[in-house]
Amino acid sequence: VQLQAYGGGWVQPGGSLRLSCVRSGTIFSTIAVGWYRQAPGKQRELVADIVTGGSTTYADSVKGRFTISRDHDKKTAYLQMNSLKPEDTAVYYCRLRATVNPLFENIYWGQGTQVTVSS
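A brief structural summary. Positions within a chain are numbered from 1, following the residues in the order the chain's sequence is written. Local features in a predicted model are, by the rule used here, given only for residues with pLDDT of at least 70; side-chain atom pairs are given and counted only at 80 or more, and totals for whole chains, interfaces and linings are based on all residues. The side-chain values count all of the structure's non-hydrogen atoms but skip hydrogen atoms and water molecules.

Some thoughts on the packing of aromatic side chains
Here comes step 1: Each Phe, Tyr or Trp ring, with Trp reduced to its six-membered ring, pairs with another whose centre is within 6.5 Å; inter-plane angles below 30 degrees give stacked pairs, above 60 give edge-to-face pairs, and intermediate values give tilted ones. Counted by the stated rule, this structure contains two aromatic pairs.
Here comes step 2: Centroid distance tyrosine 36 to tryptophan 109: 5.1 Å. Interplanar angle 65°. Geometry classified as edge-to-face. Of this pair, tyrosine 36 sits in strand β4 (residues 29-38) while tryptophan 109 is found in strand β10 (residues 104-109), placing the two residues 73 residues apart along the sequence.
Here comes step 3: A relative accessible area of 15% places tyrosine 36 in the buried class.
Here comes step 4: Between tyrosine 93 and tryptophan 109 the ring centres are 6.5 Å apart and the planes differ by 85°, which places this aromatic pair in the edge-to-face class. You can see tyrosine 93 sitting in strand β9 (residues 90-101) and its partner tryptophan 109 sitting in strand β10, a full 16 residues away along the chain.
Here comes step 5: A 1.4 Å probe rolled over the protein chains alone gives each residue an accessible area, and that area as a share of the maximum for its type sets the label: buried under 20%, exposed over 50%, partly exposed in between. In this structure tyrosine 93 comes out as buried when scored by relative accessible area, which is 15%.
Here comes step 6: Residue classification places tryptophan 109 among the partly exposed residues on the basis of a relative accessible area of 36%.
Here comes step 7: Ring pairs connect the aromatic residues Tyr36, Tyr93 and Trp109, which therefore count as one cluster.
Here comes step 8: Two conditions define a charge sitting above a ring: the NZ of Lys or the CZ of Arg must be within 6 Å of the ring centre, and it must be within 35 degrees of the ring normal. Taking the ring centre of tryptophan 109 as reference, the NZ or CZ of arginine 44 above it sits at 4.7 Å. Elements are defined by DSSP. Helices are runs of H or I of four residues or more, strands are runs of E of two residues or more, and each kind is numbered from the N terminus.

What follows is the structure, given as structure tokens:
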């Protein structure tokens, strides 16, 4: 299983970006898909998470600005980021928690995509 994240780039404050995370390879079932970020000198933190059933979790700092979604058919998760701020600058990673058989689960990480918000 591999995760390919893309969609990052440079944007001015107030702008928008949409990140995508595409899964290749076979899993048994998805438990949760999430986006994390890591800014220079800081720990990796949860940005948003969506679990089977559709419940979502957002970091307080992005509530109302970011939206996580997924498309099962396309094996893709998205992070729509609006009203971006300089403090959103970080490398963004997608994370998949999935079962590979009925008894075993695993966690997979994408390679990260850089988001830079500056004027």
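Don't stop here, the text continues.
Considering the state of the cysteines
Here comes step 1: When two cysteine sulfur atoms are found within 2.5 Å, that pair is recorded as a disulfide. Applying the stated criterion across every chain, the model contains one disulfide.
Here comes step 2: The disulfide that involves cysteine 21 links it to cysteine 94, with 2.1 Å between the sulfurs. What sets the handedness of the cysteine 21 and cysteine 94 disulfide is the S-S torsion sign, and at about 65° it is right-handed. Pair noted here: cysteine 21 is in strand β3 (residues 17-24) and cysteine 94 is in strand β9, with a separation of 73 residues, a long-range link.
Here comes step 3: According to the relative accessible area criterion, cysteine 94 is buried, its value standing at 0%.

Concerning the nonpolar core
Here comes step 1: By size, the foremost hydrophobic cluster in this structure holds 30 residues, and its most contacted members are Trp35, Val47, Phe66, Leu79, Met81 and Tyr92.
Here comes step 2: Elements with a minimum of two residues in this core: β1 (2-6), β3, β4, β5 (45-51), β7 (66-71), β8 (76-81), β9 and β11 (113-117).
Here comes step 3: Apart from residues lying up to four places away in sequence, valine 47 is in contact with Trp35, Tyr36, Arg37, Thr57, Tyr58, Ala59, Val62, Phe66, Leu79 and Tyr92. Among buried residues, those of type Ala, Val, Leu, Ile, Met, Phe, Trp, Tyr and Cys that are joined through side-chain atoms within 4.5 Å constitute a nonpolar core. Any pair of residues with heavy atoms lying within 4.5 Å of one another is described as a contacting pair.

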